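Next come the chains, spelled out residue by residue.
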Amino acid sequence: AGTGKTETTKDLAKALAMQCVVFNCSDGLDYLAMAKFFKGLASSGAWACFDEFNRINLEVLSVIAQQILTIQIAIQQKQKRFIFENTK
């Protein structure tokens, strides 16, 4: 806590000319909200920095891990479009 992780990530993104979106997580966050956020990130190519990620409920975190895996696989396969949460 308080070691500058978020600022370091933002500075690195800036140095690489990448957009970085900081997202403050809370215990009220659900997987549907995260899906919308991930869709925006995937379509824009921006980086994300998740503050207070540890506050997300374990059940929701499990679904988020699957969402991230779906995106990672699409990136690895160099797909221009992919199905995410039943949307292309």
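Draft legend 1. Geometry of the side chain of Q67. Mapping Q67 onto the fold places it in helix α3 (residues 58–76). Once you skip the residues sitting within four places of it in the chain, Q67 turns out to touch Y31, M34, A35, F38, F84 and E85.

Draft legend 2. Expanded view of the nonpolar core. Formed by 16 residues in total, the largest nonpolar core has its most connected members in F23, L29, M34, F38, I56, I64 and F84. Of all the elements in the fold, those that place two or more residues in this core are α2 (31–44) and α3. The biggest single contributor to this core is α2, with 5 residues.

Draft legend 3. Molecular detail of the packing of aromatic side chains. The full count for this structure, using the stated rule, is 7 aromatic pairs. Arranged with centres 6.1 Å apart and planes meeting at 70°, the rings of F23 and F50 form a pair that is edge-to-face. Of the two residues, F23 is situated in strand β1 (residues 20–24) and F50 in strand β2 (residues 47–51); the sequence distance between them amounts to 27 residues. Residue class for F23 comes out buried when judged on its relative accessible area of 18%. Classification of F50 as partly exposed rests on a relative accessible area of 24%.

Draft legend 4. Fine view of the environment of G28. Take G28: it is sitting in the loop between β1 and α2. Looking at G28, the relative accessible area reads 63%, which means it is exposed.

Draft legend 5. Summary view of the environment of A46. Structurally, A46 is set in the loop between α2 and β2. Among all residues touching A46, those that are not within four sequence positions of it are Q19, V21 and L41.

Draft legend 6. The arrangement of the confidence of the model for the protein in detail. Summing up the model confidence of the protein, the mean pLDDT is 92 and the portion of residues at 70 or higher is 98%. Here α2 stands out as the least confident element of the protein, with mean pLDDT 93; β1 is the most confident, with 95.

Draft legend 7. Examining the pattern of salt bridges more closely. Using the criterion set out here, one finds 2 salt bridges in the structure. Ionic pairing is found between E7 and K10, a salt bridge with its closest N-O pair at 3.3 Å. Of this pair, E7 and K10 are both found in helix α1 (residues 5–15), 3 residues apart, which corresponds to roughly one turn of the helix. Of the residues examined, E7 reaches a relative accessible area of 44% and is grouped as partly exposed. Here K10 falls in the partly exposed class, since its relative accessible area comes to 32%. The partner of R55 in a salt bridge is E52, and the shortest N-O contact between them spans 3.5 Å.

What counts as what
- Residues numbered from 1 in each chain as written.
- Predicted model: local features only at pLDDT ≥ 70, side-chain atom pairs only at ≥ 80, totals over all residues.
- Heavy atoms only, no water.
- Helix = DSSP H or I, 4+ residues; strand = E, 2+ residues; numbered from the N terminus.
- Contact = heavy atoms within 4.5 Å.
- Core = buried A, V, L, I, M, F, W, Y, C linked by side-chain atoms within 4.5 Å.
- Buried < 20%, exposed > 50% of the residue type's maximum accessible area, 1.4 Å probe, protein only.
- Phe/Tyr/Trp six-rings, centres within 6.5 Å; stacked < 30°, edge-to-face > 60°.
- pLDDT = per-residue confidence, 0-100.
- Salt bridge = Lys/Arg side-chain N within 4 Å of Asp/Glu carboxyl O.

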